[in-house]
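Residues per chain are reported as follows:
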Amino acid sequence: MWTSTRVAAEALDRADELATLRARYALPGGMIRVDGTSGGLRPRSTSARLREFVEHRWDHTGWPQVDDGLRRQARLAASAVAPLIGALPAEVAVADSTSMNLFNALRSAAALRPERRVLAIGRNCFAADHYLARSAADFAGCTLRMVDDVAELPAQLDEQVAVLAMSHVDPLSGAVRDAAAITAEAHRHGALSLWDLSHSAGAVRVDLREWEADFAVGCGYRYLGGGSGAPGYSFTSQQRREELAAVQRCGTSFPAMPPTFAISDLRAGLAALNGATPAALATKSAGLATYFLRCLRELPAGVAPVPVTEGSRGAHVCVTHRHAHYVAQELLSRGVIVDLAEPTTMRFSFAPTWLRYADVWETADQLRAVLQDLAERVRP
């Protein structure tokens, strides 16, 4: 029986300390974005930032100031990303995609551990990351080792592993891993750590310096509001940067130039987070996800959240259903956009900046209606 009410959700919204952030986004009428793949809502300041970038990237002679303008924008974006991930601005670079930054970070880690010939990476990363990780291993003359579960780490981290790369938040279950403990375990075995923060930064507490992490990468779109095609970012700890500077033919940072207009999009997304502390963002995301799970308990049989088997839950909830593709399409027709993570799995991502508890209730209510309609259609 459906007992959850919009009134209860609206009461939670009235107590939300981040409620005013919603006004910083261009809200589409009749549409709820709980997808993370394409970047969510557009900040209202994006158009003005793009116009400013176009008008000021040319000097008085008519020649475009490409290098200086882009690099300055990238430095400003890096300075905005740094406090969200617990890093110093000088330790962060904004450029390229997450996958390419992963490739470069793995190469850097291999250069710092030349006597170790294995690169270990979590199997639950995106397929593109696996391909580039294999390319990085081939480039460095190493082999690639897939890690299926955190419980396997004591056996997988032998004296041959140069670096361990894992996602901070499991893309499927949404489990938040104990990054500090895992990093310490990698260091205890002489390996370096590399964290993918794509499902974390801007919605889950991240503190790379507290974790004593060596490298990290992440996307600029999911919770940072950079939009589709936003550049990724990379982190190299100060200690590793100094070590890399001493390694022949290996620079101290990733040299790629960030995309021209995408960097302005990302800066607009980061500016929309101004005034919100990482702790407040994490609390709001956890609250939205918890409320959605509470609503799920009242839905018909046949739909269930992917269980969290380790740590706490992050800012997304994956829901399984044997007709997930159909359900996702029906939700889209009702104004709810959700990711299809796998053929039988939908991913609901809860951005703390533009989503309300009322939106979460509406999402669950529409999911309930779709499932009821589906049950009527397949009834014998």
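Higher on the page you've got the structure.
These notes cover the structure that comes with them. Note that the structure is predicted; figures quoted are calculated from it, not measured. (Residues numbered from 1 in each chain as written. Predicted model: local features only at pLDDT ≥ 70, side-chain atom pairs only at ≥ 80, totals over all residues. Heavy atoms only, no water.)

1. Some details on the pattern of salt bridges
Under the counting rule described, the total for this entry stands at 18 salt bridges. The salt bridge involving R6 is made with E362; its shortest N-O contact spans 3.4 Å. Taken together, the residues span a long stretch of sequence, with R6 in helix α1 (residues 6-14) and E362 in helix α13 (residues 357-378) at a distance of 356 residues. Residue R6 is classed as partly exposed on the basis of its relative accessible area, which comes to 29%. A salt bridge links R123 to D148, with the shortest nitrogen-to-oxygen separation between them at 2.3 Å. Residue R123 is located in the loop between β5 (118-122) and α5 (127-140), and its partner D148 is located in the loop between β6 (143-147) and α6 (153-156); the two are separated by 25 residues in the primary sequence. Through salt bridges with shared partners, a single network forms among R6, E10 and E362. (Salt bridge = Lys/Arg side-chain N within 4 Å of Asp/Glu carboxyl O. Helix = DSSP H or I, 4+ residues; strand = E, 2+ residues; numbered from the N terminus. Buried < 20%, exposed > 50% of the residue type's maximum accessible area, 1.4 Å probe, protein only.)

2. Things to note about the sheet that holds strand β7 (residues 161-167)
Strand pairing in a sheet relies on backbone hydrogen bonds, with the paired strands running either antiparallel or parallel. The seven strands are arranged β4-β11-β10-β9-β7-β5-β6 in an open sheet whose pairing can be described as mixed. Both outer strands of the open sheet, β4 (92-94) and β6, are each paired with one neighbouring strand and no more. Across this sheet, the average inter-strand angle for adjacent strands is 20 degrees, counted without regard to direction. Note: β7 against strand β9 (residues 192-196), five bridges, orientation parallel. Note on β9: the bridge partner recorded for V163 is L192. In the packing of α5 onto the sheet, the strands contacted are β5, β6 and β9, and the crossing angle to β6 comes to about 145 degrees. On the sheet, helix α9 (residues 238-245) packs against β9, β10 (215-218) and β11 (233-236) and is oriented at approximately 80 degrees with respect to β11. (Pairing = 2+ DSSP bridges. Axes fitted to C-alpha atoms, helices over the stretch in contact; angles between N-to-C directions. Contact = heavy atoms within 4.5 Å.)

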